Amino acid sequence: MSKIIFYSTISPDDDRRAWMAFTLARRAVEASLETEIFLAGPATGLMRSEVRNRIEGRAKEALGVVLTAKTPISLSPG
């Protein structure tokens, strides 16, 4: 089976763009596709609790679906 990996380097400064990897991953999860998210550089800031706690709407829903599905999320500092 194939796996879709969503890669992002967009920092949490631009919420709409930053959470796009999670929005797309949500759609893949809902389509029963094997999914993974890879965050690099500035995008690793999305995993900070203060950033996750301030999001709303579709981004929050997407994060919830991804976490509930236990989608692997990898982080790389560079």
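Definitions and limits used
Residues numbered from 1 in each chain as written. Predicted model: local features only at pLDDT ≥ 70, side-chain atom pairs only at ≥ 80, totals over all residues. Heavy atoms only, no water. Helix = DSSP H or I, 4+ residues; strand = E, 2+ residues; numbered from the N terminus. Polar contact = N/O pair within 3.5 Å; in protein donor to acceptor, adjacent residues only side chain to side chain. Contact = heavy atoms within 4.5 Å. Core = buried A, V, L, I, M, F, W, Y, C linked by side-chain atoms within 4.5 Å. Buried < 20%, exposed > 50% of the residue type's maximum accessible area, 1.4 Å probe, protein only. Pairing = 2+ DSSP bridges. Axes fitted to C-alpha atoms, helices over the stretch in contact; angles between N-to-C directions. Arc of directions from axis to C-beta. Salt bridge = Lys/Arg side-chain N within 4 Å of Asp/Glu carboxyl O.

Participant: What is the right way to look at the side chain of Glu-36 in this model?
Facilitator: Checked against the element boundaries, Glu-36 lands in strand E2 (residues 34-40). A distance of 3.2 Å separates polar atoms of two side chains, one belonging to Glu-36 and the other to Ser-74.

Participant: Would you mind showing me how to read the side chain of Ser-8 here?
Facilitator: Within the secondary structure, Ser-8 is located in strand E1 (residues 3-8). A distance of 3.3 Å separates a polar atom in the side chain of Ser-8 from the backbone nitrogen of Ile-10. If we ignore the near neighbours within four places in the chain, the residues touching Ser-8 are Ala-18, Ala-21, Phe-38, Leu-39, Ala-40 and Ala-43.

Participant: Looking at this structure, I do not really get the nonpolar core. What am I missing?
Facilitator: If you look at the biggest cluster of nonpolar residues, it comprises 18 residues, and the most contacted ones within it are Trp-19, Phe-22, Ile-37, Leu-39, Leu-46 and Met-47. Residue assignment for this core shows that the elements contributing at least two residues are helix H2 (20-30), E2 and helix H4 (57-68). Beyond its immediate stretch of four places on either side in the chain, Trp-19 contacts Leu-46, Met-47, Val-51, Arg-52, Ile-55, Ala-59 and Leu-63.

Participant: Quick question: what am I supposed to make of the sheet that holds strand E3 (residues 73-76) here?
Facilitator: Strand pairing in a sheet takes place through backbone hydrogen bonds and is either antiparallel or parallel in direction. The strand order across the open sheet built from 3 strands is E1-E2-E3, with neighbouring strands paired in parallel fashion. Unpaired on one side and paired on the other, E1 and E3 mark the two borders of the sheet. Ignoring strand direction, the axes of neighbouring strands in this sheet form an average angle of 20°. Note: E1 against E2, 6 bridges, orientation parallel. Bridging from a neighbouring strand, Ile-5 pairs with Glu-36 of E2. Across the sheet, H2 is in contact with E1, E2 and E3; its angle to E2 comes to roughly 170°.

Participant: I'm lost on H2 in this one. Help?
Facilitator: Quick reminder: α-helices carry 3.6 residues per turn. Residues three or four places apart thus point the same way. Within H2 the residues assigned to the buried category are Ala-21, Phe-22, Ala-25, Ala-28 and Val-29. Down the axis of H2, the buried side of the element spans an arc of 115°, and every buried residue falls inside it. H2 presents Arg-27 and Glu-30 as exposed residues on the side facing more than 90 degrees away from its buried surface. As for H2, its buried residues are in contact with E1, helix H1 (15-18), E2, H4 and E3. Ser-32 sits one or two residues past H2 and shows a positive phi near 65°.

Participant: Teacher, can you tell me more about the pattern of salt bridges here?
Facilitator: Where side chains of opposite charge bring their charged atoms close, a pairing between them can arise. All told, the structure shown has 6 salt bridges when counted by the stated rule. Between Glu-34 and Lys-3 there is a salt bridge whose closest N-O contact spans 3.9 Å. Here Glu-34, found in strand E2, pairs with Lys-3, found in strand E1; they are 31 residues apart in sequence, far enough to count as distant. Among the residues examined, Glu-34 registers a relative accessible area of 36% and is labelled partly exposed. Arg-26 serves as the salt-bridge partner of Glu-61, at 3.4 Å between the closest nitrogen and oxygen. Of this pair, Glu-61 sits in helix H4 while Arg-26 sits in helix H2, and the two are 35 residues apart along the sequence. On the basis of relative accessible area, Glu-61 is assigned to the partly exposed category, the value being 44%. Judged by its relative accessible area of 22%, Arg-26 falls in the partly exposed class.

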